[in-house]
Amino acid sequence: KEIKPKVAIGENVRGLVSHDKGRTLETMSNTLEELGYNVQFKLLLAQYFNVPQKRERVFIIATRKDLPNTYEFPEELDYFVPLSVALKNCPTSEGQTYPKRKKEIMSMVPQGGYWKDLPLKVQKEYMQGSFYLGGGKTGMARRLSMKEPSLTLVTSPAQGQTERCHPTKTRPLTIRESARIQTFPDNWQFSGSLASQYKQIGNAVPVNLAYFVGRSVVKYLNSFL
């Protein structure tokens with residue numbers, strides 16, 4: 001309202017689309033409309049924009065109403081980048097480690113596998129009370145696969161519900177590996193504690209996805225400026 005830019009870009013988790021039965025996103029769109037903008041939103045899949053990660057995010061593009069209403073979202077690529085490519089020659093860096101018993105258990109999980117790939121006795125030990133509850137809990141004791149993009153990175157690679165174990169080494173992803181998966185350049189420096197650095201990376205918009213969205217906005221602006 002204060003600056004009235006030609007284009008405004010918003011980004012959020014996919015749950016925004018269904019939050020409060022869609023009313024939250026509708027309120028946001030209506031507010032932007034009242035401020036003088038045409039509004040579009042779309043769920044973009046990062047893995048089809050040169051990001052080695054299965055990450056779905058809603059992007060909102062608002063273009064000022066005195067400009068052509070011709071903005072188009074970037075088109076998905078017809079390939080994805082597997083972790084084998086993303087992690088090749090990755091610089092070494094610090095990272096979280098597993099306690100002794102957890103490392104022993106995680107060593108039994110195959111690439112792309114999770115807790116159900118463990119022996120039944122070990123499943124019960126690892127899952128404890130959760131073993132008897134419903135739901136797939138597919139993020140628990142999860143090891144990534146070199147053949148696929150990573151699962152969505154979170155703010156800690158060793159959270160119980162969203163485990164992100166390295167595909168071939170029995171440990172969580174390091175800082176630089178996580179940054180590679182979010183497509184940060186290797187010379188990008190993160191500051192603060194180890195936990196803070198993981199949080200900065202996990203909460204970020206993947207660089208390459210942002211690049212494609214940014215280029216689509218530049219293309220839109222260049223079409224009439």
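Nothing here was measured: the structure is a model prediction, and the numbers come from that model.

Some thoughts on the environment of V218
(1) Moving on: With respect to the element layout, V218 can be found in helix α7 (residues 207-222).
(2) Moving on: Residue class for V218 comes out partly exposed when judged on its relative accessible area of 40%.
(3) Moving on: A C-alpha to C-alpha distance of 9.9 Å links V218 and Y71, two positions 147 residues apart in sequence.

What to know about unusual backbone geometry
(1) Moving on: Not every positive phi belongs to a glycine, and N50 is a case in point at roughly 60 degrees.
(2) Moving on: Here N50 is to be found in the loop between β2 (37-45) and β3 (53-54).
(3) Moving on: A positive phi angle, near 55 degrees, is found at N89, a position not held by glycine.
(4) Moving on: Along the chain, N89 turns up in the loop between α2 (83-86) and α3 (100-106).

Thoughts on the layout of surface pockets
Picture a little ball the size of a water molecule; that probe, rolled over the atoms, points out where space is still empty.
(1) Moving on: If you add up the space inside the largest pocket, you get close to 340 Å³.
(2) Moving on: The class makeup of the residues in the lining of the largest pocket is 7 nonpolar, 4 polar and 4 charged.
(3) Moving on: Looking at the second largest pocket, its volume works out to about 170 Å³.
(4) Moving on: As for the second largest pocket, its lining consists of 14 residues, of which C90, H166, K169, R171 and E177 are closest to the centre.

Quick notes on the rules
Residues numbered from 1 in each chain as written. Predicted model: local features only at pLDDT ≥ 70, side-chain atom pairs only at ≥ 80, totals over all residues. Heavy atoms only, no water. Helix = DSSP H or I, 4+ residues; strand = E, 2+ residues; numbered from the N terminus. Buried < 20%, exposed > 50% of the residue type's maximum accessible area, 1.4 Å probe, protein only. 1 Å grid on protein atoms, 1.4 Å probe; cavity = no way out; pocket = protein on both sides within 12 Å on 5 of 7 lines; lining within 4 Å. Points joined across faces, edges and corners; volume = space filled by probe spheres on them. Nonpolar A, V, L, I, M, F, W, Y, C, P; charged D, E, K, R; others polar.

Function cannot be read off these values alone, since they describe shape.
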